[in-house]
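Now for the letters of each chain:
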Amino acid sequence: MKIIVFGGNGFVGQWLLKALIEVQTEVLSCDLGETGLQKDIPYMQADIRNKASLGKIPFDSDDIVINLAANQYHNKVPRKNRKAFFFDTNTTGAENIMEAAYKAGCRKLIQFTTDMTYGKPQYLPVDTVHPQNPFGPYGQSKAETEKLCKYYRTLGMDITVFRPRMIIGPKRLGILKKLFWLIDRSLPVPTIGNGKNCYQMISVFDCVSAIQCAIRCGIPNEEYNLGSENPPSVHELLTGLIQDVGSHSIVVSTPGRLVKATLSLMGTMGLEIMYKEQYMIADENYILDIAKTARQLDWRPRYKDSDMIVQAYQEFCR
């Protein structure tokens, strides 16, 4: 048995492969690049959007397949044809993987999607049966991928779906770079809204441990949320960071509706600071319920939001 990781050159993929190798697991990394980023790990180039490309992957019936490959907002997102940009990789690519694995006799798969499939929280904490009403094409592409997972479950596959909050870790700063730039210069740091809402994150290392837990549990046919425990408010999180790093910045509240309307207008003009799926929930109290993940997978997040954001800021400074 081996573990085949699609998206092995990606952020979560690199850390997952390192963790799997440490316990002497046989792995195969697959990605778009000509070579793998980790020279000691077997690698095959594959374009998941192309069925013929997947036909070269040596699936065995007892393999475990992990799909981390995705187009996300930290990629270079085109102004036009965004639906195709996200759906071609996130949905069609995922379907191609499921089809190729199923035809080869593989019955174990782990699929990463996103909390953005939920859209605006209708109640808190957001559990895995919360309605899915994504704001934009990224969340929509992942919601469609989950429908495919449910279909392949009816064919006899065991598929674990993970829905993580914003994943951060070494060399992955995302939208935080804009805030860190202000804090580094002791400039005012605006929040969208009053900052009293919670904005949960998840460490890449906790994502990796969740995958390992799912493997140990035999790949349950379930959806699981991934997020930190007891996240602080945005104001508390930013104020704590400013104090910890010795900045003289202050956190400034703004009218949420006005700011979101402004960001929307700027987006239509091609001057996007944030994408709709990011700013629409920026002033929402948004906490994922991770009790099911903890209970069924015997998993708990090790990293607090305050620790993660300080580590991310230190990475930014480096």
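Residues numbered from 1 in each chain as written. Predicted model: local features only at pLDDT ≥ 70, side-chain atom pairs only at ≥ 80, totals over all residues. Heavy atoms only, no water.

(A) Broad picture of the sheet that holds strand S5 (residues 108-112). On the basis of which strands lie adjacent, the open sheet formed by seven strands has the order S3-S2-S1-S4-S5-S6-S10 and parallel pairing. Pairing within the sheet leaves two strands with one partner each, and these edge strands are strand S3 (43-45) and strand S10 (223-226). The mean inter-strand angle of the sheet, taken between neighbouring strand axes irrespective of direction, is 20 degrees. Most of the contacts of helix H4 (residues 137-154) go to strand S6 (residues 158-164), to which it runs at about 160 degrees, and overall it touches S5, S6 and S10. (Pairing = 2+ DSSP bridges. Helix = DSSP H or I, 4+ residues; strand = E, 2+ residues; numbered from the N terminus. Axes fitted to C-alpha atoms, helices over the stretch in contact; angles between N-to-C directions. Contact = heavy atoms within 4.5 Å.)

(B) Spatial organisation of a nonpolar patch on the surface. A cluster of nonpolar side chains, contributed by Leu265, Met269 and Leu271, occupies part of the molecular surface with about 310 Å² of accessible area. In this fold, Leu265 is placed in helix H8 (residues 256-268). (Patch = residues over 30% accessible without salt bridge, like charges linked within 9 Å, V, L, I, M, F, W, Y side chains within 5 Å. Areas by Shrake-Rupley, 256 points an atom, 1.4 Å probe, with all protein chains shown as cover. Salt bridge = Lys/Arg side-chain N within 4 Å of Asp/Glu carboxyl O.)

(C) The packing of aromatic side chains, seen in detail. For the coordinates displayed, the defined rule picks out 15 aromatic pairs. Consider the rings of Tyr73 and Tyr138, whose centres lie 5.8 Å apart with planes at 65 degrees: the pair is edge-to-face. Here Tyr73, found in the loop between strand S4 (64-67) and helix H3 (82-103), pairs with Tyr138, found in helix H4; they are 65 residues apart in sequence, far enough to count as distant. Neither Tyr73 nor Tyr138 differs from the other in exposure class; each is buried. Here the aromatic residues Tyr73, Phe85, Phe86, Tyr138 and Tyr275 are joined through ring pairs into a cluster of three or more. Note that Arg165 overlies the ring of Tyr286, its terminal NZ or CZ placed 4.1 Å from the centroid. (Phe/Tyr/Trp six-rings, centres within 6.5 Å; stacked < 30°, edge-to-face > 60°. Buried < 20%, exposed > 50% of the residue type's maximum accessible area, 1.4 Å probe, protein only. Lys NZ or Arg CZ within 6 Å of the ring centre and 35° of its normal.)

(D) Fine view of the layout of surface pockets. Counted as a void, the largest pocket has a volume near 1,200 Å³. In terms of lining, the largest pocket is formed by 49 residues, of which the most central are Gln72, Tyr73, His74, Asn75 and Arg172. At the level of secondary structure, the elements contributing two or more residues to the lining of the largest pocket comprise helix H1 (11-22), strand S2 (27-31), H4, strand S7 (166-168) and helix H5 (176-184). Considered class by class, the residues forming the lining of the largest pocket number 25 nonpolar, 13 polar and eleven charged. Residue assignment for the lining of the second largest pocket shows that the elements contributing at least two residues are H5, helix H7 (234-244) and H8. Residue composition of the lining of the second largest pocket, grouped by class: 18 nonpolar, five polar and one charged. (1 Å grid on protein atoms, 1.4 Å probe; cavity = no way out; pocket = protein on both sides within 12 Å on 5 of 7 lines; lining within 4 Å. Points joined across faces, edges and corners; volume = space filled by probe spheres on them. Nonpolar A, V, L, I, M, F, W, Y, C, P; charged D, E, K, R; others polar.)

(E) The arrangement of the side chain of Gln278 in detail. Along the chain, the position of Gln278 falls in helix H9 (residues 276-279). Residues in contact with Gln278, not counting those within four places in the same chain, are Tyr73, Met116 and Ile175.

(F) Structural view of the nonpolar core. Formed by 32 residues in total, the largest nonpolar core has its most connected members in Ile66, Phe162 and Ile211. Only strand S1 (3-6), H1, S4, S5, helix H6 (204-216) and S10 provide two or more residues apiece to this core. For this core, the leading source of residues is H6, giving eight residues. Not counting residues within four places of it along the chain, the set of residues in contact with Phe162 comprises Ile110, Gln111, Phe112, Thr113, Thr114, Ala210, Ile211, Ala214, Tyr224, Leu226 and Leu297. Grouped together as the second largest cluster of nonpolar side chains are 24 residues, Cys30, Ile57, Ala69 and Cys149 included. (Core = buried A, V, L, I, M, F, W, Y, C linked by side-chain atoms within 4.5 Å.)

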